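Residue-level listing of the chains:
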Amino acid sequence: MTELPGLGATAAPAPPVGNHLAELRSLVGTRPLLAPGANVLVFNEQGELLLLRHAGTGRWTLPGGSLELGETFEQGARRELLEETGLRTEQLEELAFYAGAQYRFTYPHGDVIDNVSLLYRAHGVTGQVVPQPEKVLEWRWFAPDALLTLEELRGRLIVGMIRFAARL
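Residues numbered from 1 in each chain as written. Predicted model: local features only at pLDDT ≥ 70, side-chain atom pairs only at ≥ 80, totals over all residues. Heavy atoms only, no water.

Asker: What exactly am I supposed to notice about the overall build of the protein chain here?
Answerer: Summing up its helical and strand segments, the protein chain has three helices and nine strands in all. Reading the protein chain from its N end, one meets helices and strands in the order β-β-α-β-β-β-β-α-β-β-β-α. Counting all 168 residues of the protein chain, 40% fall into the buried class. Nonlocal contacts in the protein chain, meaning residues at least 24 apart in sequence, comprise 69% of its contacts between residues at least 6 apart. Accessible area of the protein chain: about 9,300 Å², with a carbon and sulfur share of 54%. (Helix = DSSP H or I, 4+ residues; strand = E, 2+ residues; numbered from the N terminus. Buried < 20%, exposed > 50% of the residue type's maximum accessible area, 1.4 Å probe, protein only. Contact = heavy atoms within 4.5 Å. Areas by Shrake-Rupley, 256 points an atom, 1.4 Å probe, with all protein chains shown as cover.)

Asker: Sorry, what's going on with the environment of leucine 69 here?
Answerer: Tracing the backbone through its elements, the reader meets leucine 69 in the loop between β6 (64-66) and α2 (73-85). Classification of leucine 69 by relative accessible area gives partly exposed; the value is 44%. With 49 residues separating them in the primary sequence, leucine 69 and histidine 20 have C-alpha atoms 6.5 Å apart.

Asker: Got a minute to help me understand the packing of aromatic side chains in this structure?
Answerer: In this description, a pair of aromatic rings is defined by centroid distance and the angle of the planes. One pass over the structure, following the stated rule, counts five aromatic pairs. With 5.5 Å between their ring centres and 85 degrees between their planes, tyrosine 98 and tyrosine 103 make a pair best called edge-to-face. For tyrosine 103, a relative accessible area of 15% translates into the label buried. Ring centres 6.3 Å apart and planes at 90 degrees place the aromatic pair tryptophan 139 and tryptophan 141 in the edge-to-face group. Overall, the relative accessible area of 33% leaves tryptophan 139 in the partly exposed class. (Phe/Tyr/Trp six-rings, centres within 6.5 Å; stacked < 30°, edge-to-face > 60°.)

Asker: Got a minute to help me understand the sheet that holds strand β3 (residues 33-41) in this structure?
Answerer: Hydrogen bonds between backbone groups are what pair the strands of a sheet, and the pairing can be parallel or antiparallel. Strand order in the open sheet formed by four strands is β6-β3-β8-β7, and the pairing between neighbours is mixed. Across the chains shown, the open sheet's two edge strands, defined by having one partner strand only, are β6 and β7 (88-106). Across the sheet, the mean angle separating the axes of adjacent strands is 20 degrees when strand polarity is ignored. Pairing geometry for β3 and strand β8 (residues 112-126), over nine bridges, is parallel. From the neighbouring strand, proline 36 faces β8, where its bridge partner is valine 116. Along the sheet, helix α1 (residues 20-28) makes contact with β3, β6 and β8, crossing β3 at roughly 155 degrees. Against the sheet, helix α3 (residues 155-166) engages β3, β7 and β8, with an angle of about 135 degrees to β7. (Pairing = 2+ DSSP bridges. Axes fitted to C-alpha atoms, helices over the stretch in contact; angles between N-to-C directions.)

Asker: Mind showing me how you'd approach α2 here?
Answerer: Across its 13 residues, α2 extends 18 Å between first and last C-alpha, which sits within 8% of the 18 Å expected from 1.5 Å per residue. Within α2, burial applies to Gly76, Ala77, Arg79, Glu80, Leu81, Glu84 and Thr85. (Expected span 1.5 Å × (residues − 1).)

Asker: Hey, could you run me through the environment of glutamine 132 in this one?
Answerer: In this fold, glutamine 132 is placed in the loop between β8 and β9 (136-142). Judged by relative accessible area, which is 17%, glutamine 132 ranks as buried. Separated by 48 residues in the primary sequence, glutamine 132 and glutamate 84 have C-alpha atoms spaced 5.0 Å apart. Non-local contacts of glutamine 132, meaning those with residues more than four positions away in its chain, are made with Glu83 and Glu84.

Written out as structure tokens, the structure is:
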């Protein structure tokens, strides 16, 4: 534990890097887990929204994912954006918070998560889209008001976030 200056309290040391959710899953099976995470809206100059077709589900989603132990929502958003797309952002603007049973998602293999997610908008994006091949089948720019169907999107969380994006 390290002391926090002026607070007289201590903070735990940084947790080991790993896949926290996968490690939990190995212990609890397919039962629902709370999955704190973050997603990022990335727009191009034409106002189109970047979507990724997820390798695990075959559905379209926003860049983002679950937090690792010790990460803030912003740190997780930045990490996932870089990992999944190769993009970096100068600024992340907090837009909306999502939680509740309506955002439960069941993966094709049976794992269930209750999403607790913060939506960000990226400003000052740099780099070129280079998707992570083991996670992303393809990527494409979409007009935010040209909503895909629920069957094409990765669950109600992503539907809600894209609907929010269409109002920006």
